[in-house]
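Close look at the chain arrangement
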Amino acid sequence: MRKLIQKLLRQNEFYILLVILAMAVAIHLRSGHFFTGNNLVVLASAMVVPGIFAVGAYMALVSGGIDVSFPALASLAVYATTRLLVDAGWEGGLWLPFLLVATISAILGAFNGVLVASISIPVLIITLGTLNVFSGFMQGALSSVQIPNIPPAMATFGRTYLYTATHPQSGRTAGLPVSFLLLVAVVAIAFVVMRYTTFGRSVYAIGGDESAASRAGVNVRRTKFFLYVLIGVLAGLAGLVRTTGMGQMHPTNLLGMEIMVIAAVVVGGVAVTGGRGTLTGAMLGTLLIVIVQNSMILVGIPTVWQRVALGLLILIGTGISAVQITRSRRRQGAMV
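Now for a quick tour of the structure. (Residues numbered from 1 in each chain as written. Predicted model: local features only at pLDDT ≥ 70, side-chain atom pairs only at ≥ 80, totals over all residues. Heavy atoms only, no water.)

Quick look at the overall build of the protein
We apply this condition: Segments assigned H or I by DSSP are reported as helices when at least four residues long, segments assigned E as strands when at least two residues long, and all are numbered from the N terminus. Computation of the radius of gyration draws on C-alpha atoms, with the globule rule given as 2.2 Å multiplied by the number of residues to the power 0.38. A simple rule labels every residue: compare its accessible area, found with a 1.4 Å probe on the protein chains alone, to the largest value its type can have, and call it buried under 20%, exposed over 50%, or partly exposed in between. Residue contacts are defined here by distance: any two heavy atoms, one from each residue, within 4.5 Å place the two residues in contact.
Per the secondary structure count, the protein includes 14 helices and two strands. The C-alpha atoms of the protein give 21 Å as radius of gyration, which agrees with the globular expectation for 336 residues (20 Å, within 12%). If one aligns the C-alpha atoms of the protein with their principal axes, the spans along those axes are about 65 × 50 × 35 Å. Every one of the 336 residues in the protein was classed for burial, and the buried ones make up 46%. At a minimum sequence separation of 6, the contacts of the protein that also span at least 24 residues come to 76%.

The structure is reproduced here in structure tokens:
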């Protein structure tokens, strides 16, 4: 029991969970609405898109890179898919939108993967460039405009709910979209891949020490290439979920989300230097950011302060990560 408690106290996830619980209790005492069915359903719904994005951001950070291009990649993949289907008058099932988005986003992710695997410059610089390439191509070559009417299967998917909660006093309802199951499936698969497969262990090894990973037999270039293909597909799925939820395709709706998502993953304890962090921490960090963004109204704080709160969380998260890395290096130095 004592060892279990000591192990728990050494984990970031435990402290993030404590912060989330303390914040939830404080918000409920102030507003009386946090633990209502409506609010919990709203929070779960708000987790879907940033949660899927966060899985990809977590993988990129663990590998030692910072990918900022995923919202632009998702926007381009979903816009191209929606444009093709609307122009063709598609009225069939949902399988074709998912297949097209996955294919296009995999190709765009492969573009990132080739560059990251073959050019020895920081991933942040590469993905800053591809971010502009993707958004510029969408706005220039495709002349992107808002698409108000998406194919029926996509619209139906966005309007289908697993559960609907009704507030006992106000009578307001909130629905948990079926896309929440997609988030659960993505997180479960990513957990297995990163924890129990050679590919996942290779990603951690590359983030910890790329040269040592290469000497140990890890094919660094191939692993990085397939990692960014996977991140691209995840981004495309998140973009499709956002579009179906809105019932329309707005080409710039996702742009700018990269700061919030990366902040959430870093707050969750994933090291910006790579090789450290867990998917559980990334999800808890995302939940913390979602609570901050959605609950400030409940306690009467103007939404303009969201950016201030987000900035403070980034500073706190990166600060804790830096302190832990420094302590780890000191311990390793003392052992040598």
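Back to the write-up after that little detour.
Some remarks on the environment of Ala 205
By the element assignment, Ala 205 lies in helix 9 (residues 198-208). For Ala 205, a relative accessible area of 30% corresponds to the partly exposed category. Sequence separation of Ala 205 and Val 233 is 28 residues, and the distance between their C-alpha atoms is 23 Å. Among all residues touching Ala 205, those that are not within four sequence positions of it are Glu 210 and Ala 213.

Let's talk about helix 6 (residues 123-140)
Basically, it comes down to this: For a helix, the expected span equals 1.5 Å multiplied by the number of residues minus one. This arc describes the spread of directions from the helix axis toward the C-beta atoms.
The terminal C-alpha atoms of helix 6 lie 25 Å apart, and with 18 residues this matches the ideal 26 Å at 1.5 Å per residue to within 8%. Taken as a whole, helix 6 has its buried residues at Val 123, Ile 126, Thr 127, Thr 130, Leu 131, Phe 134, Ser 135 and Met 138. Summarising the axial view, the buried residues of helix 6 lie within an arc of 155 degrees, below the 170-degree limit, and thus occupy one face. On the buried face of helix 6, the contacting elements are helix 4 (70-88), helix 5 (95-118), helix 11 (220-246) and helix 12 (257-267).

A few points about the pairing of strand 1 (residues 161-166)
What counts is decided by this rule: Two strands pair if DSSP finds at least two bridges between them.
As defined by bridge partners, strand 1 adjoins strand 2 (residues 173-177) across five bridges and the pair is classed as antiparallel. Following the sheet pairing, Thr 164 is matched in strand 2 by Gly 175. Adjacent in sequence and paired antiparallel, strand 1 and strand 2 are bridged by six residues, among which Gly 171 carries a positive phi angle near 80 degrees.

Concerning the nonpolar core
Just so we agree on the cut-off: Definition used in this section: a nonpolar core is a set of buried Ala, Val, Leu, Ile, Met, Phe, Trp, Tyr and Cys residues joined via side-chain atoms within 4.5 Å.
If you look at the biggest cluster of nonpolar residues, it comprises 87 residues, and the most contacted ones within it are Phe 53, Val 55, Tyr 58, Met 59, Val 261 and Val 265. By residue number, the principal contributor to this core is helix 3 (residues 37-62), which donates 14 residues. In this structure Val 265 touches Ala 54, Ala 57, Tyr 58, Leu 61, Val 270 and Ala 282, once residues within four positions along its chain are discounted. The next biggest cluster of nonpolar side chains, apart from the first, holds five residues, and it includes Ala 44, Ala 165, Ala 174 and Leu 176.

Concerning the packing of helix 3 against helix 12
When two helices pack together, you describe them by how their axes are tilted relative to each other and by the distance separating the axes. Basically, it comes down to this: Whenever a helix is involved, its axis is fitted only over the stretch in contact; in every case the axis is a line through C-alpha atoms, and angles between N-to-C directions fall within 0 to 180 degrees. The labels follow the angle: roughly parallel below 35 degrees, roughly antiparallel above 145, roughly perpendicular from 65 to 115, and oblique for the rest. Put simply, a crossing is left-handed when the front helix is turned counterclockwise from the back one by less than a right angle, and right-handed when it is turned clockwise.
Close contact between helix 3 and helix 12 brings their axes to 9 Å; oriented N to C, the two are set at 65 degrees. By the criterion of interaxial angle, the relationship of helix 3 to helix 12 is roughly perpendicular. In this structure, helix 3 meets helix 12 at a crossing whose hand is right-handed. Contacts between helix 3 and helix 12 involve Val 49, Pro 50, Phe 53, Ala 54, Ala 57, Tyr 58 and Leu 61 from the first element and Met 257, Met 260, Val 261, Val 265 and Val 266 from the second.

A closer look at the pattern of salt bridges
What counts is decided by this rule: Criterion for a salt bridge: a side-chain nitrogen of Lys or Arg within 4 Å of a carboxyl oxygen of Asp or Glu.
In the structure shown here, the tally under the stated rule is two salt bridges. As a salt-bridge pair, Asp 87 and Arg 83 come within 3.3 Å of each other at their nearest N and O atoms. Of the two residues, Asp 87 and Arg 83 both sit in helix 4, four residues apart, roughly one turn of that helix. For Arg 83, a relative accessible area of 27% gives the class partly exposed. The partner of Glu 210 in a salt bridge is Lys 224, and the shortest N-O contact between them spans 3.0 Å. Of this pair, Glu 210 sits in helix 10 (residues 210-215) while Lys 224 sits in helix 11, and the two are 14 residues apart along the sequence. Relative accessible area serves as the criterion here: at 38%, Glu 210 is assigned to the partly exposed category.

Regarding the side chain of Ser 202
Inclusion rule: Each polar contact in these results corresponds to two N or O atoms within 3.5 Å; when the atoms are within protein, one needs to be able to donate a hydrogen and the other to accept it, and residues that are neighboring in sequence are counted only if both atoms are side-chain atoms.
Within the secondary structure layout, Ser 202 lies in helix 9. Of note is the side chain of Ser 202, whose polar atom sits 2.7 Å from the backbone oxygen of Thr 198. With residues near it in sequence (within four places) discarded, Ser 202 still touches Val 218 and Thr 223.

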